[in-house]
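Take a look at the letters that make up each chain.
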Amino acid sequence: MVLATEQLQEAAKQGFKKKLVIVVSKGTIDMLYPAFVLATTAPAMGIEVDLYFTFWGLRVLTKKGVKSAKIGAVGNPGIPMPNLMGVLPGMTAMTTKMMKKRIEKYWPSVPDMIKMIKESGGRIHACSPTMGFMGVDEKDLIPEVDDIVGASTFLGWASDPEAITLFI
Amino acid sequence: MVLATEQLQEAAKQGFKKKLVIVVSKGTIDMLYPAFVLATTAPAMGIEVDLYFTFWGLRVLTKKGVKSAKIGAVGNPGIPMPNLMGVLPGMTAMTTKMMKKRIEKYWPSVPDMIKMIKESGGRIHACSPTMGFMGVDEKDLIPEVDDIVGASTFLGWASDPEAITLFI
Amino acid sequence: MVLATEQLQEAAKQGFKKKLVIVVSKGTIDMLYPAFVLATTAPAMGIEVDLYFTFWGLRVLTKKGVKSAKIGAVGNPGIPMPNLMGVLPGMTAMTTKMMKKRIEKYWPSVPDMIKMIKESGGRIHACSPTMGFMGVDEKDLIPEVDDIVGASTFLGWASDPEAITLFI
């Protein structure tokens with residue numbers, strides 16, 4: 001933590017934003033952790049958290065998906081394009097295992113991060129239209145999900161002048 | 001729609017944001033639909049829409065590109081890295097067709113979404129430097145494009161205190 | 001430049017935002033340039049710049065990584081999924097070289113863009129937890145890096161009512 005309590009109180013007086021709204025649109029570990037680290041850091045700074053899981057991100061909210069997130073090649077400068085190495089069978093599993101180990105030296109696992117977000121008051125929302133087109137049923141969702149809402153609910157949060165809104 | 005008219009009017013009084021500015025930087029269906037769904041939902045909530053198409057997103061504004069957007073593997077937890085399945089010839093086309101069918105059960109096609117955005121008052125902007133380096137000419141663009149503008153114009157919109165700005 | 005000085009002064013009076021905070025989470029050329037173009041355009045409009053490099057983006061701040069960024073397939077509608085073409089050895093290098101040439105007709109190289117950002121007053125920040133889990137040491141970083149900070153520092157900037165915050 002960098003900001004002291006007095007600094008936070010000072011900031012609060014100057015109209016600083018107090019809500020963090022993140023669209024979690026990707027389901028790979030490399031894009032989940034940025035969202036989760038922000039969501040677990042914000043409460044200590046007096047910032048409320050709403051995470052809106054949509055598209056690939058929604059699968060992470062299923063009982064099966066929450067345990068099986070893998071490392072993506074997205075934006076990895078070392079794996080810019082499919083290459084011969086990447087397609088050897090077993091490589092994906094090996095790389096995911098290696099990076100998972102490294103990440104878990106620094107942060108809790110995906111299911112534990114989600115639990116921590118809930119314990120610190122954060123809210124977990126599932127995107128209703130994505131549920132439909134991905135064939136996810138309400139009973140498939142993990143118990144940490146607060147509700148299933150649509151794009152207009154998300155826009156309502158984002159239009160709050162106090163909200164920091166990120167699309168990850 | 002979740003918010004009732006009176007709630008929206010109440011929100012408007014409290015300085016809620018009334019503009020949605022989205023950078024559309026990716027050209028795959030899985031990242032286009034989040035932008036399009038927000039852009040078609042916002043007008044009913046009294047929120048103006050500006051979409052700024054850049055990099056891979058720009059191709060979607062070409063007569064050829066608007067009809068040929070495909071599903072990306074970006075952030076898909078099930079396809080975290082190039083693997084042997086993904087490289088079998090024909091797999092891409094098959095997966096795209098399958099997911100397109102599912103998506104189109106819930107939302108209109110890409111060209112129709114763009115038309116809907118325009119009909120509800122949204123504006124479609126092409127990024128001028130991307131036009132140059134991608135070799136896209138003004139005559140290649142679909143008629144729905146309002147103008148061709150640069151980064152400073154986008155920053156002008158984003159710096160509006162009433163704007164919700166997302167990079168997708 | 002689109003806005004004239006008087007327009008900018010007018011905008012300043014109306015409470016327009018004067019800070020640009022970008023999370024640079026991807027290390028491929030196609031996602032670096034959008035961040036760099038915004039960061040080099042903003043200062044001329046009186047907008048301060050803070051770039052927070054995290055995850056794949058962090059590697060770009062290493063002496064080795066800054067020279068070796070490649071084109072990604074992320075969101076490229078023409079390369080939606082690993083396919084047979086993409087896995088031929090040498091294809092990645094060839095495509096990167098081609099697109100690099102095109103991009104460099106319009107903008108300076110990655111190391112030169114970073115220098116330009118610094119010269120116009122922008123700040124370059126490295127994400128501290130990413131340093132740990134990616135095994136990057138302080139001595140590996142390019143001299144343009146201003147500091148190594150965590151998620152709470154980033155949230156402090158983003159919560160400023162004057163900040164435009166993007167996650168790229």
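Caption draft 1: Spatial organisation of unusual backbone geometry. Residues and elements named next belong to chain A. Its identity as a non-glycine residue notwithstanding, F55 has a phi of 45 degrees, on the positive side. Within the secondary structure, F55 is located in the loop between strand 2 (48-53) and helix 3 (91-106). Residue classification places F55 among the buried residues on the basis of 25 C-beta atoms within 10 Å.

Caption draft 2: Region of the structure containing helix 2 (residues 29-41) of chain A. Taking 1.5 Å per residue, 13 residues should reach 18 Å; helix 2 of chain A reaches 18 Å between its end C-alpha atoms and fits that length. In terms of residue burial, helix 2 of chain A counts as a mostly covered element, since 13 of its 13 residues are buried.

Caption draft 3: Quick peek at the packing of helix 6 (residues 151-158) of chain A against helix 2 (residues 29-41) of chain B. Their axes nearest at 9 Å, the elements helix 6 of chain A and helix 2 of chain B cross at an angle of 80 degrees. On the basis of the axis angle, helix 6 of chain A is roughly perpendicular to helix 2 of chain B. Side by side, helix 6 of chain A and helix 2 of chain B meet where A151(A), S152(A) and L155(A) of the first sit next to V37(B), L38(B) and T41(B) of the second. Its residues placed into classes, the contact of helix 6 of chain A with helix 2 of chain B shows four nonpolar, two polar and no charged.

Caption draft 4: Broad picture of the pairing of strand 5 (residues 163-167) of chain A. Residues and elements named next belong to chain A. For strand 5, the buried fraction is high: five of the five residues fall into the buried class. On strand 5, burial covers both faces: A163, T165 and F167 on one face and I164 and L166 on the other are all buried. As defined by bridge partners, strand 1 (residues 19-24) adjoins strand 5 across five bridges and the pair is classed as parallel. Within strand 5, the position partnered with V21 by the bridge is T165.

Caption draft 5: Just the sheet that holds strand 2 (residues 48-53) of chain C, in detail. Residues and elements named next belong to chain C. Here five strands make up an open sheet; going across it, the order is 4-3-2-1-5 and the pairing parallel. Looking at the sheet topology across the chains shown, the edges are occupied by strand 4 (147-149) and strand 5 (163-167). Going from strand to strand, the sheet's axes swing by 25 degrees on average, the running direction of each strand aside. One ladder, built from six bridges, connects strand 1 (residues 19-24) with strand 2; its direction is parallel. The residue of strand 2 that forms the bridge with I22 is L51. Lying on the sheet, helix 2 (residues 29-41) is in contact with strand 1 and strand 2; it crosses strand 1 at an angle near 165 degrees. Against the sheet, helix 6 (residues 151-158) contacts strand 1, strand 2, strand 4 and strand 5, and its axis sits at roughly 135 degrees relative to strand 5.

Calculation rules
Residues numbered from 1 in each chain as written. Chains lettered and ligands numbered in written order. Predicted model: local features only at pLDDT ≥ 70, side-chain atom pairs only at ≥ 80, totals over all residues. Helix = DSSP H or I, 4+ residues; strand = E, 2+ residues; numbered from the N terminus. Buried ≥ 20, exposed ≤ 12 C-beta atoms within 10 Å, placed from the backbone. Expected span 1.5 Å × (residues − 1). Axes fitted to C-alpha atoms, helices over the stretch in contact; angles between N-to-C directions. Parallel < 35°, antiparallel > 145°, perpendicular 65-115°, else oblique. Contact = placed C-beta atoms within 7 Å. Nonpolar A, V, L, I, M, F, W, Y, C, P; charged D, E, K, R; others polar. Pairing = 2+ DSSP bridges.

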